[in-house]
Amino acid sequence: MIELLATSSQGVTPKKVQQALGLKKGTAFRILRTLEAHRLAARNEEGAFVLGTRVLWWETCYRRKRDLSRVVRPYLEKLRDLTAETSTFSIMMGNQTVVIDQAISQHATSTRFDIGFSAPLHAGATGRVMLAHLDPERRRNVLSQRLERFTERTITDKRRLEQELNKCLTQGFAFSEGERLFGTSSIAAPLLGRDKEVLGVISVTGPSARLTHKRCKSIASTLLKETRLLTQQLNKA
């Protein structure tokens, strides 16, 4: 329906939506009203439905993230080259982490993600970094919900998860082993804005057999150095 709104130069009526999408008239109108309530649709002078201002906000966010990725990319490639493992850049959307760029390891057995791959905040190093830096009220809200178990290593005990979040804040990074994807380990650190908000998270990810806890400890200093340099660059912009 949003595509229909976007491609119509004069706006659409519930009847036109009904005919184009094969919906009942009442259903078409309810969906249009819902889109209107969320500012994804609006009405023009003739009363027809057109795209709402929220879509422009989405475009602004997309452009901002695309520009951010352009700055981040050289650091991803450098981390990939220094560690020989895949490095990723993720942002938070809702209560999910979303991968928006990666530099893939040259190893035959490397970890790689589809761009747009998402995961909940409680499972894995990247999500834990984001969750740790949320304001207390939002963190409590996330932890009050049911925490899905993905593998036998997924942390679903809320007290233990709180301990891991505090540990992340203290040491500046998070480590996970097989919490979200079996046999995959990751170490992640945040990119912080001027007000200490999380702009995104950089992670180094690979097979657990190669990316052991001991090796992640040795990678931590490199990851923290690069994220610190990148954070400084972003905050100068």
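On a predicted model such as this, the values are computed, not experimentally measured, just so you know. (Residues numbered from 1 in each chain as written. Predicted model: local features only at pLDDT ≥ 70, side-chain atom pairs only at ≥ 80, totals over all residues. Heavy atoms only, no water.)

## What to know about the overall build of the protein
Part 1 of the argument: Scanning the protein for helices and strands turns up eight helices and eight strands.
Part 2 of the argument: For the protein, the spread of C-alpha atoms along the principal axes amounts to about 65 × 40 × 40 Å.
Part 3 of the argument: Taking as baseline every contact in the protein between residues at least 6 positions apart, the subset at least 24 positions apart corresponds to 54%.
Part 4 of the argument: Carbon together with sulfur atoms contributes 51% to the accessible area of the protein, which is approximately 13,300 Å² in total. (Helix = DSSP H or I, 4+ residues; strand = E, 2+ residues; numbered from the N terminus. Contact = heavy atoms within 4.5 Å. Areas by Shrake-Rupley, 256 points an atom, 1.4 Å probe, with all protein chains shown as cover.)

## Concerning the sheet that holds strand β8 (residues 198–207)
Part 1 of the argument: Strand order in the open sheet formed by six strands is β5-β4-β3-β8-β7-β6, with antiparallel pairing between adjacent strands. Strands with a single pairing partner mark the edges of an open sheet, and in this sheet they are β5 (118–120) and β6 (174–177). Taken pair by pair, the neighbouring strands of this sheet meet at an average axis angle of 30 degrees, ignoring direction. (Pairing = 2+ DSSP bridges. Axes fitted to C-alpha atoms, helices over the stretch in contact; angles between N-to-C directions.)

## With respect to empty space enclosed by the protein
Part 1 of the argument: Scanning the model with the defined rule gives one cavity of 30 Å³ or more in all.
Part 2 of the argument: Roughly 160 Å³ of internal volume is contained in the largest cavity.
Part 3 of the argument: If you go around the largest cavity, you meet 18 residues; those closest to its centre are Phe113, Arg180, Thr184, Ser186 and Thr205.
Part 4 of the argument: Those elements giving two or more residues to the lining of the largest cavity turn out to be β3 (86–93), β4 (96–103), α5 (125–132), β7 (184–192) and β8.
Part 5 of the argument: Grouping the constituent residues of the lining of the largest cavity by class yields five nonpolar, eleven polar and two charged. (1 Å grid on protein atoms, 1.4 Å probe; cavity = no way out; pocket = protein on both sides within 12 Å on 5 of 7 lines; lining within 4 Å. Points joined across faces, edges and corners; volume = space filled by probe spheres on them. Nonpolar A, V, L, I, M, F, W, Y, C, P; charged D, E, K, R; others polar.)

## Some points on the packing of helix α2 (residues 14–21) against helix α3 (residues 25–37)
Two measures define how a pair of helices packs: the angle their axes make with one another and the distance between the axes.
Part 1 of the argument: Two elements in contact, α2 and α3, have axes separated by 8 Å at closest approach and are oriented at 115 degrees. By the angle between their directions, the pair α2 and α3 is classed as roughly perpendicular. α3 is crossed by α2, and the crossing has right-handed handedness. Where α2 approaches α3, its residues Pro14, Val17 and Gln18 are matched on the opposing element by Lys25, Ala28, Phe29 and Leu32.
Part 2 of the argument: In terms of residue class, the contact of α2 with α3 is made up of five nonpolar, one polar and one charged. (Parallel < 35°, antiparallel > 145°, perpendicular 65-115°, else oblique. Left-handed = near helix turned anticlockwise from the far one by under 90°.)

## Digging into helix α8 (residues 213–236)
Part 1 of the argument: In this model, α8 (24 residues) spans 34 Å end to end at C-alpha, consistent with the 34 Å of a helix rising 1.5 Å per residue.
Part 2 of the argument: Of all the bends in α8, the greatest measures close to 35 degrees and is centred on isoleucine 219.
Part 3 of the argument: Of all the residues in α8, the buried ones are Cys216, Ile219, Ala220, Leu223, Glu226, Thr227, Leu230, Thr231 and Leu234. (Expected span 1.5 Å × (residues − 1). Bend = angle between axes of the 7 residues up to and from the residue. Buried < 20%, exposed > 50% of the residue type's maximum accessible area, 1.4 Å probe, protein only.)

## Concerning the nonpolar core
A general feature of soluble globular proteins is that nonpolar side chains tend to end up buried together.
Part 1 of the argument: Formed by 23 residues in total, the largest nonpolar core has its most connected members in Val72, Phe89, Ile187, Leu191, Ile202, Leu223 and Leu230.
Part 2 of the argument: Of all the secondary-structure elements, those providing two or more residues to this core are α4 (53–83), β3, β4, β7, β8 and α8.
Part 3 of the argument: Take this core: its biggest share by element is six residues, from α8.
Part 4 of the argument: If near-sequence neighbours (up to four positions away) are discounted, isoleucine 187 is found in contact with Ala125, Phe173, Ala174, Phe175, Ile202, Ser203, Val204, Cys216, Ile219, Ala220 and Leu223. (Core = buried A, V, L, I, M, F, W, Y, C linked by side-chain atoms within 4.5 Å.)

## Comments concerning unusual backbone geometry
Part 1 of the argument: In this model, alanine 84 sits at a positive phi of 65 degrees, which is unusual for a non-glycine residue.
Part 2 of the argument: For alanine 84, the position within the fold is in the loop between α4 and β3.
Part 3 of the argument: The phi dihedral of lysine 196 falls on the positive side, at around 65 degrees, and the residue is not glycine.
Part 4 of the argument: Among the structural elements, lysine 196 can be located in the loop between β7 and β8.

## What to know about the pairing of β7
Part 1 of the argument: The buried fraction of β7 amounts to nine of the nine residues, a majority that puts the element mostly inside the structure.
Part 2 of the argument: Two elements, β6 and β7, share four bridges in a ladder whose sense is antiparallel. Its bridge partner being in β7, alanine 174 is matched across the sheet by alanine 188.
Part 3 of the argument: Counting the residues between successive antiparallel strands, the hairpin from β6 to β7 contains six residues, one of them, glycine 178, with a positive phi of roughly 65 degrees.
Part 4 of the argument: For β7 and β8, the ladder comprises nine bridges, and the chain directions are antiparallel. The residue of β8 that forms the bridge with serine 186 is threonine 205.
Part 5 of the argument: Where β7 folds back on β8, the antiparallel hairpin that results is connected by five residues, among which lysine 196 adopts a positive phi of roughly 65 degrees.

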